[in-house]
Number of protein chains: 2
Amino acid sequence: MEQNKASASIPPTKRVRCIVKLGGAAITCKNKLETIDEENLKEVSSQLRQALIPNSDSAKVLGMDWSKRPGQSEPPSFVDEFSDQPVVDSESFIVVHGAGSFGHFQASKSGVHKGGLSQPLVKAGFVATRISVTSLNLEIVRALAREGIPSIGMSPFSCGWSTCQRNMTEADISMVIKAIDAGFIPVLHGDAILDTLQECTILSGDVIIRHLAAELKPEFVVFLTDVLGVYDRPPVEPGAILIQEIAVREDGSWSVVKPRLEDTSKPVEFSVAAHDTTGGMVTKITEAAMIAKLGIDVYITKAGTDHSVKALSGILKGSIPDDWLGTAIRYMS
Amino acid sequence: MEQNKASASIPPTKRVRCIVKLGGAAITCKNKLETIDEENLKEVSSQLRQALIPNSDSAKVLGMDWSKRPGQSEPPSFVDEFSDQPVVDSESFIVVHGAGSFGHFQASKSGVHKGGLSQPLVKAGFVATRISVTSLNLEIVRALAREGIPSIGMSPFSCGWSTCQRNMTEADISMVIKAIDAGFIPVLHGDAILDTLQECTILSGDVIIRHLAAELKPEFVVFLTDVLGVYDRPPVEPGAILIQEIAVREDGSWSVVKPRLEDTSKPVEFSVAAHDTTGGMVTKITEAAMIAKLGIDVYITKAGTDHSVKALSGILKGSIPDDWLGTAIRYMS
């Protein structure tokens, strides 16, 4: 899919268990400029801790964000307790987050995705977009660190990732691998990056996930969103049906295997045209299908629910319980 | 000095005019945990704008930080005015900043510089240090962007820089070069990074500067600090003399050429032992001398003064005016 120079030669010594996408809509307040949904982010971080450090006790978590908190002038006092901590080897996860209400205004106002850095508006928008998305990245790294997750923020721009006419051409993941091997949880994000043909563009979190999945072959990928999963029509419409399982075939085509319509015992049928107007659902499935085609299970579910706990734990890899609500996209040979 | 793999093959198309070190003490409140000296940072940013974009008018600056300001819910309204802006090609500068009251507590408490990531305290300290220094980096990038400087934060960790037993072994500067060629001002910082032998360490801003200077051969390097320059003893002591000019010879040795003691017409003499107890002055001169030996002028002066304006403008390259207060360290063939 993408050409990659350096990563192929440095396989990670630790197998990556899971790549998690924190959807922008799940962790930010979508219609409030640059506002984090603190409650959701805290819940998501706590669930990630449980998945990363099984049997961890929330009451005993020692946070790794030692910055002073607003209104305080001293760092947290628990820092001295670390010396008595046992060594905990966490699972290898990678977190990638979207932008939500961060970066969007700056990018769309200036048209960074269309390129043209010689235009003052685009150049300023590039700078403004990076400020906005890196400030969200910092807050997510902080939230994860407060849960005792050894999170490390990594910007695609700084990692040297770039595109050519919006196709990813350079994305050396050796630093991501080194961070994982050192026991950290890399936290990447959608970013404004350089493009060799159009000078600059926006690299989305979904494209990052696809690239990392292809290179690192994680056991599974989880997309945490603000809805339960993929529906056959916008979920606010009456009668919208949650698609629970999609099978992807060798040629990249996909079909719904669950639920089956009761009267025909056939998969739900829907036309592509209908979906393209319903918030990019086909795009979402197509992205997920490209990952599933590699033999990697993809689970799309709502952040901060029992269903996301199950998805992150990896127990869905065997069979999907009937009461799990979400969309599983899997390869069918 | 340091081995570098990729950078040698990609020379920048733009010559770097200046590398500026923003000393931690100059932009943060040294004894107040994680507190920025907002007034100083604003003044330094304004002076940098004047150096980068000569003849720029402070009243007409359109900021590049479009994030909402505290207490506001809307982005700044001036964004629409960018379309009427002329294209401005700024000078090629690189900014590197220290940590000051950011990162220091986290790093020293955990001993990140000594390595040992398998110890829970060190691992947590690594995460906490990166959170602290990247939050300072973001604030500096914001301050520069508000002055219309196209600043781009770049973390040495994310750039893939690492050391072996604290000696820099991998520091691919190709991304720094690409950012400069695209018209941006990279803003790097002292960081917690991986070390192939001791697992992790702290990479200081001064080491970054030395590496960048050796690779990029800027016209000059400016260290902005909280004192006027290098003195013959701690500047708080009575009778401390500001050393205005130091000459560095081919073999790396250096001597004071200005001021000369009036009664002997000889350079000021001082013993190395005496300085080692006076806040690392010899270390500072030695670092600067290594850069000067490359034929690159180094100016150490107080941030936010008329003297820093002169140093940043490059006019000291010819001759140093008698009323300039600071320390110039230059190669003498």
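Predicted model only: the values in this text are computed from it and were never measured.

Cut-offs and rules
One numbering rule holds for all chains: residues counted from 1, following each sequence as written. Note on labels: chains are lettered from A, ligands numbered from 1, in written order. With pLDDT at 70 or above as the cut-off, local features in this predicted model cover only qualifying residues; side-chain atom pairs require 80 or more to be listed or tallied, and sums for whole chains, interfaces and linings still use all residues. To get the side-chain values, all heavy atoms of the structure are used, and hydrogens and water are removed first. A carboxyl oxygen of Asp or Glu within 4 Å of a side-chain nitrogen of Lys or Arg is what we treat as a salt bridge. Numbering of helices and strands runs from the N terminus; a helix is a DSSP stretch of H or I covering at least four residues, while a strand is a stretch of E covering at least two. Buried, partly exposed and exposed residues are distinguished by accessible area as a fraction of the type maximum, computed with a 1.4 Å probe on protein chains only: under 20%, between the cut-offs, and over 50%, respectively. Paired strands, in this sense, are two strands between which DSSP finds at least two bridges. To get an axis, a line is fitted to the C-alpha atoms, and for a helix only the part in contact is used. The angle between two axes follows their N-to-C directions and goes from 0 to 180 degrees. Should any heavy atoms of two residues lie within 4.5 Å, those residues are counted as being in contact. Put simply, two rings from Phe, Tyr or Trp (the six-membered ring, in Trp's case) pair if the centres are within 6.5 Å, and we call them stacked under 30 degrees between planes, edge-to-face over 60, tilted for the rest. UniProt positions are given in the numbering used here, feature names are shortened, and annotations may be inferred rather than shown by experiment. The span you would expect from a helix comes to 1.5 Å times its residue count less one.

### Notes on the pattern of salt bridges
All names here are of chain A.
So, step 1. Under the definition given, this model contains 29 salt bridges over all chains.
So, step 2. Note that Glu-91 and Arg-17 form a salt bridge whose closest N and O atoms lie 4.0 Å from each other. Residue Glu-91 is found in the loop between helix H2 (38-52) and strand S2 (93-97), and its partner Arg-17 is found in the segment before strand S1 (18-22); the two are separated by 74 residues along the sequence.
So, step 3. For Glu-91, a relative accessible area of 29% puts it in the partly exposed group.
So, step 4. According to the relative accessible area criterion, Arg-17 is buried, its value standing at 18%.

### Considering the pairing of strand S1 (residues 18-22) of chain B
Remark: a regular strand shows side chains that alternate across the two faces of the sheet.
Residues and elements named next belong to chain B.
So, step 1. Buried residues dominate S1, accounting for five of its five residues.
So, step 2. Residues Cys-18, Val-20 and Leu-22 of S1 are buried on one face, and the alternating residues Ile-19 and Lys-21, pointing to the opposite face, are buried as well.
So, step 3. Across five bridges, S1 lies against strand S2 (residues 93-97) in parallel orientation. Within S2, the residue paired with Cys-18 across the bridge is Phe-93.
So, step 4. With five bridges connecting them, S1 and strand S9 (residues 220-225) associate as parallel partners. Looking across to S9, one finds that Cys-18 is bridged to Phe-220.

### Details of the environment of A:Asn167
So, step 1. Tracing the backbone shows A:Asn167 in strand S5 (residues 167-170).
So, step 2. C-alpha of A:Asn167 to C-alpha of A:Ile27: the two residues are 140 residues apart in sequence and 27 Å apart in space.

### Quick notes on the sheet that holds S2(A)
Pairing between sheet strands relies on hydrogen bonds along the backbone, with the strands arranged either parallel or antiparallel.
Residues and elements named next belong to chain A.
So, step 1. What the nine strands build is an open sheet, ordered S3-S6-S2-S1-S9-S12-S13-S10-S11; its pairing is mixed. The outermost strands of the open sheet, each flanked by one partner alone, are strand S3 (151-153) and strand S11 (254-258). Along the sheet, successive strands turn relative to each other by an average axial angle of 20 degrees, direction set aside.
So, step 2. One ladder, built from four bridges, connects strand S10 (residues 245-248) with S11; its direction is antiparallel. Bridging across to S11, Ile-246 finds its partner in Val-256.
So, step 3. The strands touched by helix H4 (residues 120-146) within the sheet are S1, S2, S3 and strand S6 (185-189), with S6 carrying the most contacts at an inclination of about 155 degrees.
So, step 4. The sheet contacts of helix H9 (residues 306-313) involve S1, S2, strand S9 (220-225) and strand S12 (297-302), and relative to S9 the element is tilted by about 160 degrees.

### Some remarks on the packing of aromatic side chains
So, step 1. Overall, the coordinates contain 12 aromatic pairs over all chains when judged by the stated rule.
So, step 2. Ring geometry for A:Phe105 versus B:Trp66: centroids 6.5 Å apart, planes at 65 degrees, classification edge-to-face. With A:Phe105 in helix H3 (residues 104-110) and B:Trp66 in the loop between helix H2 (38-52) and S2, this pair bridges two chains.
So, step 3. When its relative accessible area of 0% is taken as the criterion, B:Trp66 is described as buried.
So, step 4. The interplanar angle of 75 degrees and the centroid separation of 6.2 Å between the aromatic rings of B:Tyr299 and B:Trp324 together place this pair among those described as edge-to-face. Placement of the pair is B:Tyr299 in strand S12 (residues 297-302) and B:Trp324 in the loop between helix H9 (306-313) and strand S13 (327-331), with a sequence separation of 25 residues.

### Details of the UniProt feature "binding site: ATP" (unreviewed entry) in chain A
All names here are of chain A.
So, step 1. According to UniProt, the "binding site: ATP" (unreviewed entry) feature falls on Gly-100, Gly-205, Asp-226, Gly-280 and Lys-284.
So, step 2. Along the chain, the position of Lys-284 falls in helix H8 (residues 281-292).
So, step 3. What makes Lys-284 partly exposed here is its relative accessible area of 32%.

### Details of H4(A)
Residues and elements named next belong to chain A.
So, step 1. Helix length check: H4, at 27 residues, gives a terminal C-alpha distance of 39 Å against a target of 39 Å (1.5 Å per residue), a fit within 8%.
So, step 2. Counted residue by residue, H4 has 25 buried out of 27 residues, so it is predominantly covered.
So, step 3. At the exit of H4 stands Gly-148, carrying a positive phi of roughly 80 degrees.

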